[in-house]
Amino acid sequence: MTYTEIVEQTIAFVKETLKGAEGGHDWFHIERVFKNTLLIAKEEKVDILVVSLGALLHDIADAKFNDGDETVGPKLAQQFLTDLKVNKNIINHVIKIIENISFKNSLEKTEEKFSSLELEVVQDADRLDALGAIGIARAFNYGGFKNRELYNPEIAPNLKMSKEEYKKSSAPTLNLFYEKLLLLKDKLNTKTGTKLAKERHQYMEDFLKQFYKEWDPLVSNTGFTL
């Protein structure tokens, strides 16, 4: 099969699988990550099929929607790619990307971690979608999905969370900015990703300033500090 045929069949599979998904982790999230991946890949020497499949399948079964089970996504992706008769080495690489792309995995201290330029490219593309206007929209959409408070001045962000604490957190949505979103700018891997992240990061900082100003116009409140 050609690259185009594999990608087209994968897109169809992802669209069907993610029908009715939460708005921040639906097909349109995948599509944005896929496009950002192709954009970043222009400046990097990567296997274009690996990064394309990694981007398209990275959230095929997000653990947060599967009772925290992180094996569901990789298994589903592996079965699909095997049925498609994709090369085993490519399948193994794509599965490693799915298993290691998440921000929460960076909170886990392990001696051996998988690394590849392909992972770095897809990871940057995924993290860019958690920044800027889209990142803000996704954060509050998921917060609403989980019925979380927008903001609670009495609940400070936890800046030293373990992976398990992060997975179980039910803190107000605004805390996510300090626990994850504002940290991403300095965690990008590629030059293109880093450049794109800076503008989106600034947009989020400006949003927070306006948010606190509107929250209590009688108090000079700059919010939490990192």
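Remember, predicted model here, so these are calculated numbers, not experimental data.

1. Side note on helix H1 (residues 3-17)
Point 1. End to end, H1 covers 21 Å across 15 residues, agreeing with the expected 21 Å (1.5 Å per residue, within 8%).
Point 2. Restricting attention to buried positions, one finds in H1 the residues Ile6, Val7, Thr10, Ile11 and Val14. What you see down the axis of H1 is that its buried residues fit within an arc of 135°, all on one side. The outward face of H1, more than 90 degrees from its buried face, is lined by the exposed residues Glu8 and Glu16.
Point 3. In the core, the buried residues of H1 are packed alongside helix H2 (27-41), helix H3 (48-57) and helix H4 (72-83).

2. Topic: the packing of helix H7 (residues 132-145) against helix H10 (residues 191-215)
Point 1. One way to put it is that H7 packs onto H10 with a least axis distance of 7 Å and a crossing angle of 55°. As the angle between them shows, H7 and H10 are arranged oblique. Contact residues: Gly132, Ala133, Ile136 and Phe140 in H7; Arg200, Tyr203, Met204 and Phe207 in H10.
Point 2. Of the residues assigned to the contact of H7 with H10, the class counts are six nonpolar, one polar and one charged.

3. Details of the pattern of salt bridges
Point 1. Applying the stated rule across the entire model yields five salt bridges.
Point 2. Between Lys185 and Asp186 there is a salt bridge whose closest N-O contact spans 3.1 Å.
Point 3. Because the salt bridges share partners, they merge into one network encompassing Arg32, Asp129 and Arg138.

The rules behind each value
- All residue numbers refer to position in the chain's written sequence, counted from 1.
- Only residues with pLDDT of 70 or above have their local features reported here, since the model is predicted, and side-chain atom pairs are shown and tallied only from 80 upward, although totals for entire chains, interfaces and linings are computed over all residues.
- Computation of side-chain values covers all heavy atoms of the structure but excludes hydrogens and water.
- Runs of E in the DSSP output that reach at least two residues are strands. Runs of H or I that reach at least four are helices, and both are numbered from the N terminus.
- Helix span is expected to be 1.5 Å times the residue number reduced by one.
- Partly exposed describes any residue whose relative accessible area lies between the buried limit of under 20% and the exposed limit of over 50%, with all areas from a 1.4 Å probe on protein chains only and scaled to the type maximum.
- Working note: the arc is built from the helix axis to C-beta atom directions.
- The criterion used for residue contact is that any of the two residues' heavy atoms lie within 4.5 Å.
- All axes are obtained by fitting lines to C-alpha atoms, using only the stretch in contact for helices, and the reported angles, taken between N-to-C directions, cover 0 to 180 degrees.
- Roughly parallel means an angle under 35 degrees; roughly antiparallel, over 145; roughly perpendicular, 65 to 115; everything else is oblique.
- Throughout, the ten residues Ala, Val, Leu, Ile, Met, Phe, Trp, Tyr, Cys and Pro are labelled nonpolar, Asp, Glu, Lys and Arg are labelled charged, and all others, Gly among them, are labelled polar.
- Should a side-chain nitrogen of Lys or Arg be within 4 Å of a carboxyl oxygen of Asp or Glu, the pair is scored as a salt bridge.

The quantities given are spatial measurements derived from coordinates; they are silent on function.
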